[in-house]
Amino acid sequence: MKVINEILAFNSEFVARDGGAPFRTNQFPDKKLVVLTCMDTRLTELLPQAMAIRNGDVKLLKNAGAIVSHPFGSVMRSILVAVYELGAEEIAVVGHHGCGMAGLSCSRIIDKAKNRGVSTKVFDTLSHSGIDLRAWLAGFDTPETGVRQSVHTIRNHPLLPPDLPVHGMMIDPDTGKLELLMDGYAEDSK
Ligand SMILES: [Zn+2]
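The protein appears in an unreviewed UniProt entry as Carbonic anhydrase from Humisphaera borealis. One UniProt comment on the protein, placed under Sequence similarities (unreviewed entry), says "Belongs to the beta-class carbonic anhydrase family."

Spelled out as structure tokens, the structure:
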């Protein structure tokens, strides 16, 4: 049975017993916090539980590596919407040890794409169009560096209120232990 079919079958039963009832809330984050973290599967349930985050508490953004690739990309837009429209008053970037985006190999991804049927010509065309895949498909040297880069991009965004605290944190994907790398309340982080 395909996963999506299993999900749909489960869902009919879930809705029939009103499984959504304990989760009902509104769109405003009660803790007035935005959390940007990694899509790593180990964090799916662990991170909310380790941070005491329940439905309705925070705006949770996820991508590979908790990276803000571009100051005018979708992550930054989501943060701005959370701050100006939804009442978020602080931001936490939460990276994790053992992140797959550390030392990500662009050439390995390109090789795999070619093996899956993407024509070699496509890469020539992209290159001739001025698209730098190596810069775009990049991770970071260490997860800590990644967190610092994301915090830096958010903190220095020209559209963000200058006094908004932006924290940098690391989480252990086994124990859930949190570590504060950059305290957004500290003066030198501004
Ligand atoms: Zn990760």
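1. Digging into the UniProt feature "binding site: Zn(2+)" (unreviewed entry) in the protein
Listed under "binding site: Zn(2+)" (unreviewed entry) in the UniProt record, and renumbered for this structure, are Cys 38, Asp 40, His 96 and Cys 99. On the basis of their most widely separated C-alpha atoms, the annotated residues across 62 residues gather in one place, lying no more than 8.8 Å apart. Of the annotated set, the members that line the largest cavity are Cys 38, His 96 and Cys 99. Mapped onto the elements of the fold, His 96 is located in strand E3 (residues 90-96).

2. Looking at empty space enclosed by the protein
Throughout the structure, instances matching the rule amount to 1 cavity of 30 Å³ or more. As a volume, the largest cavity reaches approximately 30 Å³. What lines the largest cavity is Cys 38, Gly 65, Ala 66, Gly 95, His 96, Cys 99, Phe 140, Pro 143 and Val 147. For the lining of the largest cavity, the secondary structure elements donating two or more residues are E3 and helix H7 (143-155).

3. Things to note about helix H5 (residues 120-128)
Taking the backbone nitrogen of Lys 121 as reference, a side-chain oxygen 3.0 Å away marks Ser 119 as the first, capping residue of H5. Phi turns positive, to about 85°, at Gly 130, one or two residues after H5.

4. Quick word on the environment of Val 151
Its location among the elements puts Val 151 in helix H7. It is 10.0 Å that separates the C-alpha atoms of Val 151 and Ala 66, two residues lying 85 residues apart in sequence.

5. A closer look at the layout of surface pockets
Of the pockets and cavities examined, the largest pocket occupies roughly 410 Å³. Considering each element in turn, the lining of the largest pocket owes the most residues, 4 residues, to H7. Along the lines of polarity and charge, the residues of the lining of the largest pocket split into 11 nonpolar, 10 polar and no charged. Here the lining of the largest pocket gathers at least three residues from each of two domains, domain 1 (29-97 + 143-189) and domain 2 (105-138). Roughly 290 Å³ of volume is contained in the second largest pocket. Lining the second largest pocket we find 14 residues, and of these Phe 23, Pro 48, Ile 53, Arg 54 and Asn 55 sit closest to its centre. Every element with two or more residues in the lining of the second largest pocket is listed here: helix H2 (46-50) and strand E2 (58-63).

6. Overview of unusual backbone geometry
In this model, Ala 52 sits at a positive phi of 55°, which is unusual for a non-glycine residue. Topologically, Ala 52 is positioned in the loop between H2 and E2. Positive phi, normally seen in glycine, also occurs at Ala 66, with a value near 55°.

7. Some points on the pattern of salt bridges
For the structure on display, the rule yields 4 salt bridges. For Arg 24, the salt bridge identified is with Asp 18, shortest N-O distance 2.5 Å. Asp 18 gets classed as partly exposed once you look at its relative accessible area, which sits at 38%. Of the charged contacts in the structure, one is a salt bridge between Asp 40 and Arg 42, with a shortest N-O distance of 2.9 Å. Here Asp 40 falls in the buried class, since its relative accessible area comes to 14%.

Criteria and thresholds
- Residues numbered from 1 in each chain as written.
- Predicted model: local features only at pLDDT ≥ 70, side-chain atom pairs only at ≥ 80, totals over all residues.
- Heavy atoms only, no water.
- UniProt positions renumbered as here; feature names shortened; annotations may be inferred.
- 1 Å grid on protein atoms, 1.4 Å probe; cavity = no way out; pocket = protein on both sides within 12 Å on 5 of 7 lines; lining within 4 Å.
- Helix = DSSP H or I, 4+ residues; strand = E, 2+ residues; numbered from the N terminus.
- Points joined across faces, edges and corners; volume = space filled by probe spheres on them.
- Polar contact = N/O pair within 3.5 Å; in protein donor to acceptor, adjacent residues only side chain to side chain.
- Nonpolar A, V, L, I, M, F, W, Y, C, P; charged D, E, K, R; others polar.
- Domains from an automatic or database assignment.
- Salt bridge = Lys/Arg side-chain N within 4 Å of Asp/Glu carboxyl O.
- Buried < 20%, exposed > 50% of the residue type's maximum accessible area, 1.4 Å probe, protein only.

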